[in-house]
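Chain residues, written in single-letter form:
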Amino acid sequence: MLKYLEQMDVTAAPKPSGLLVAKASRRGFLGGAAAFALAVYATDAKAFTRWKTGGEGMDHGVVEDPLIFVSIDPDGTVTLVAHRSEMGTGARTSLPMVMADEMEADWDRVVIVQAEGDEPKYGNQDTDGSRSLRHHIQAARKIGGSVRTMLQQAAAEEWGIPAEQVTVENHMVSGGGNSVHFGELAEKAMAMPVPAHEDIAYKTEDQFRYIGKGQVQIADLHDITTGKAVYGSDIARPGMKIAMAVRPPVVGGKVVSFDGTAAMEIPGVVGVYQLPDWSQPGAFAPLGGVAVVADNTWAAIQARDLLEIEWDHGAHGDYNSESYLEEMKATAEQPGQSLRRKGDPDAAFADAANTFGQTYTSDHMAHIAMEPPVAVADVTGEGCEIWAPVQSPYRVRKDVAEALGLGEDQVRVNVTLLGGGFGRKSKGDYVTEAALLSREVGAPVRMQWTREDDVRHSFYHTTSAERIDVAMDDEGKVTGWRHNSVAPSILSTFAPDSGQQFAIEHGMGHVDMPFDIANVSCENGQAMAHTRIGWFRAVSNVPRAWAIGTLVGELAAEQGKDQREMWLELIGAPRVFDPEAEGLPEGFWNYGEPAGEGFEIDTGRLANVLNMAADGIGFGKELPDGEGIGLSAHRSFVSYVACAAHVKVVDGRITVPEVHLAVDCGFPANPERIASQMEGAAVMGMSVALNSSITFDEGAVIQGNYYDYDVVRSTNYPRVVTHIVEHGFQTPSTGVGEPGLPPVAPAIGNALFVATGQRKRHLPIGDAI
């Protein structure tokens, strides 16, 4: 059995992985610590009234034990554990930052270490769904406030004075003529009872030192910039071998026979091994195929290219995505399974003075993170140790344990930095491959995917056909709305495929359509999956925002209105959704959050971000021929984001000089990361709009690398301006990592129409006209 981290000493820094130990930096802090001098805190917890989130409903919920997340060295160094994976979102910085602020730690004396995959200890670790701060910011405040209170109580006991006379400020504890740094009280403080929430005198918002200031850079910035950061491919273990595999070109395909004779003749090759076959629904199991294990990467590449394999392509060998999309469009134009029904949509269409309808489509998409999948596994007689860039380390631990026939306590997963994730690295098939091969060769193995492996064997964003029809009265007011969504479901990855989407997908921009329309029908048509479907940044919100946002632009043009006017007319007066009155399905999925508590659908917030983005870019200003501004807005992950995009056609090429994104994500705990995520969403949204297309023929992916699955290059990066709606802490923090993406493509499409008169209804648009 692997030796696990011993229970941490009250004064010793926890080191759960030993991989990512980053000295936090306060570069750029304005005014220095003196500008944030604090008075004695309030004597009750009224500054922080807790609200409910969906965090407790996640596997293993939320843990807020300071003895798990915090330790203090005798020299005063504070070590904070980050239990969420870092892929640029800043979760590895933001949650420790909140802890440090509430405990009054000096950020320059904070060290962050990465938790191993252990949800029973740390709480839920699935770093997806834009949930890290949404679910854990309150726990982070509780952790930090607990430690500050314990320091205060320890000092009071040590100095024989009332606790009310002790202040904790900027890493110093003072009172009764005494003043010491945290380390001098660490052992005594960390042995004190952990206080209850109501016994902690939390900071008021004006006392925040780091929270909400936007001046704390991500902890790993220097190491990332200078090449010192540790990613999956940087891991080297003594005696480590390199593995590469040939996987079935068609999902569900199987090896009939193979010949590895030529591969074995390459110097440095250790062996050739068949991987277990995959069958649908396979969840996150490896796809199968044949792997080569060698002493070095070049030998593995050469040998892999010499493998001779005969395949049985299986049930999906005739899948052609182009023809299948036409089938989906036909399905979308027929009545589907009813999901939401408000008023009498049939009568609204029968009585309409005019109707308008279009079908909006999108191809499959791949995540194509800059770092392809990679994992190092070391299987010994005691168990298995993993080093990998993964978004869901505990799920990986469970999958590896099952594949190897081990107990979960015999598997340890160390999490490296992720060179991008976008949902792909929630699925640990590549980690299980490394573990299986390490067991076979009796040595550590790094399973290294190439870019072609990544593009051709992903868990793809679904292809989609979204049919929307509207009924209008004789004044052009929309009186009826019918939206039939047809797309293969993520559920097909985990259960027998019914061809129907499920509640989580329904709740992503479909049944939660926020417009003030009297008669609404939301429907779902059947579409079977012919490849592995997985979540991609913003998931089903991408095709829904594309369809709805483009339709609004079309309606504006049809009625001779500007886009802002059309959007605001459809959104209507500010209101909070009444699920029953709006005809939402029972148990409507609200991103796992309760219907109230600041997580409800609030159309006033949607209209507000639309106006902010439009005003920011100067919507309505005169532009030269060949240029245009497009608008779109969307609610996802209980946040509201609007995009205003400026398109300029240059020699037939679509360029986007400027994008304004307005975001309402509740309390903006870390504005620096919010702006960063919006900037990334703008660029990724451009790739979705202009380039992202995975197509299949005879069951196999046609694309293979950046030359035929392109991304936006730096020569076409826009200037991105982020507008953040201000809220106090009692407005819950909501999602940031994903909500910026959905409105970008429709805003670009609407801008292109203004610039050229060309209306695009399929994603990707293409980067030239």
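In the block above lies the structure referred to throughout.
Cut-off values and rules
Residues numbered from 1 in each chain as written. Predicted model: local features only at pLDDT ≥ 70, side-chain atom pairs only at ≥ 80, totals over all residues. Heavy atoms only, no water. Helix = DSSP H or I, 4+ residues; strand = E, 2+ residues; numbered from the N terminus. Rg over C-alpha atoms; globule rule 2.2 N^0.38 Å. Buried < 20%, exposed > 50% of the residue type's maximum accessible area, 1.4 Å probe, protein only. Contact = heavy atoms within 4.5 Å. Areas by Shrake-Rupley, 256 points an atom, 1.4 Å probe, with all protein chains shown as cover. Lys, Arg positive; Asp, Glu negative; His and termini not counted. Charge placed at Lys NZ, Arg CZ, Asp CG, Glu CD. Axes fitted to C-alpha atoms, helices over the stretch in contact; angles between N-to-C directions. Parallel < 35°, antiparallel > 145°, perpendicular 65-115°, else oblique. Left-handed = near helix turned anticlockwise from the far one by under 90°. Phe/Tyr/Trp six-rings, centres within 6.5 Å; stacked < 30°, edge-to-face > 60°. Polar contact = N/O pair within 3.5 Å; in protein donor to acceptor, adjacent residues only side chain to side chain. Pairing = 2+ DSSP bridges. Core = buried A, V, L, I, M, F, W, Y, C linked by side-chain atoms within 4.5 Å.

Caption draft 1: Here's a closer look at the overall build of the protein chain. For the protein chain, the count of helices and strands is 19 helices and 28 strands. Compactness check: the protein chain gives a C-alpha radius of gyration of 27 Å against a globular reference of 27 Å for 769 residues, within 12% of the reference. Expressed along its principal axes, the backbone C-alpha trace of the protein chain runs to roughly 85 × 70 × 50 Å. Within the protein chain, the fraction of its 769 residues that count as buried is 63%. A sequence separation of at least 24 residues applies to 81% of the contacts in the protein chain between residues at least 6 apart. Carbon and sulfur atoms make up 49% of the accessible area of the protein chain, which amounts to about 26700 Å² in all. Positive and negative side-chain charges in the protein chain, numbering 62 and 103 respectively, have mean positions lying 3 Å apart.

Caption draft 2: Structural view of unusual backbone geometry. Here the bond from Q280 into P281 is cis, since omega is -5°, no more than 30 degrees from zero. Counting through the fold element by element, P281 comes out in the loop between β10 (269-275) and β11 (289-294). In this structure, the amide linkage connecting L763 to the following residue, P764, adopts the cis form with an omega of 5°. The phi angle at I368 is positive, at roughly 45°, despite the residue not being glycine.

Caption draft 3: Inspection of the packing of helix α18 (residues 671-690) against helix α19 (residues 744-756) at higher detail. Axis separation between α18 and α19 bottoms out at 8 Å; the angle between their running directions is 60°. As the angle between them shows, α18 and α19 are arranged oblique. Judged by the twist between their axes, the crossing of α18 over α19 is right-handed. Judged by residue contacts, A681, A682, G685, M686, V688, A689 and L690 of α18 engage V744, A745 and I748 from α19.

Caption draft 4: Looking closely at the environment of V511. Here V511 is to be found in the loop between α14 (503-506) and β21 (519-525). V511 sits in the buried class, given a relative accessible area of 1%. Sequence separation of V511 and W589 is 78 residues, and the distance between their C-alpha atoms is 9.4 Å. Beyond its immediate chain neighbours, meaning those up to four positions away, V511 contacts L339, R340, H506, C522, L584, P585 and F588.

Caption draft 5: Expanded view of the packing of aromatic side chains. Inspection of the entire model under this criterion finds 20 aromatic pairs. Ring geometry for F515 and W567: centres 5.9 Å apart, planes at 75°, overall edge-to-face. Highlighted residues: F515 in the loop between α14 and β21 and W567 in helix α16 (residues 563-571), separated in sequence by 52 residues. Per residue, the accessibility class of F515 equals that of W567, and both read buried.

Caption draft 6: Seen up close, the side chain of E433. In this structure, E433 sits in helix α12 (residues 429-441). In this structure E433 comes out as buried when scored by relative accessible area, which is 0%. Within the local environment of E433, its side chain forms a polar contact with the side chain of W449, the two groups lying 3.1 Å apart. Contacts of E433, omitting those with residues within four sequence positions, involve R247, L275, P286, M447 and W449.

Caption draft 7: Inspection of the environment of G317 at higher detail. Tracing the sequence through the fold places G317 in the loop between β12 (308-312) and α9 (321-332). Accessibility expressed as a relative area gives 22% for G317, which makes it partly exposed. With 65 residues separating them along the chain, G317 and G252 place their C-alpha atoms 8.9 Å apart. Setting aside chain neighbours within four positions, we find G317 in contact with V250, E698 and G699.

Caption draft 8: Layout of the sheet that holds strand β13 (residues 337-342). Within the open sheet, the 6 strands sit side by side as β13-β21-β20-β19-β14-β28. Their pairing is mixed. Both edges of this open sheet fall to β13 and β28 (762-763), since each of them pairs with a single strand only. The pairing of strand β19 (residues 464-472) with strand β20 (residues 478-486) spans 8 bridges and is antiparallel. Pairing of R467 across the sheet is with N484, part of β20.

Caption draft 9: Local environment of the nonpolar core. Judged by nonpolar contacts, the single largest core of 162 residues is most densely connected at V173, W481, F515 and I748. If you tally residues by element for this core, the top one is helix α4 (residues 132-159), at 10 residues. By size, the runner-up hydrophobic cluster in this structure holds 31 residues, among which are V390, V431, A435 and V445.

Caption draft 10: Structural context of the pairing of strand β16 (residues 383-388). In terms of burial, β16 is a largely internal element, 6 of the 6 residues being buried. Here β16 shows a buried face lined by G383, E385 and W387 and a second buried face lined by C384, I386 and A388. Bridging between strand β15 (residues 374-380) and β16 involves 5 bridges; their strand directions are antiparallel. Within β16, the residue paired with D378 across the bridge is E385. The antiparallel hairpin formed by β15 and β16 contains 2 residues in its connecting segment. Bridging between β16 and strand β17 (residues 411-415) involves 5 bridges; their strand directions are parallel.

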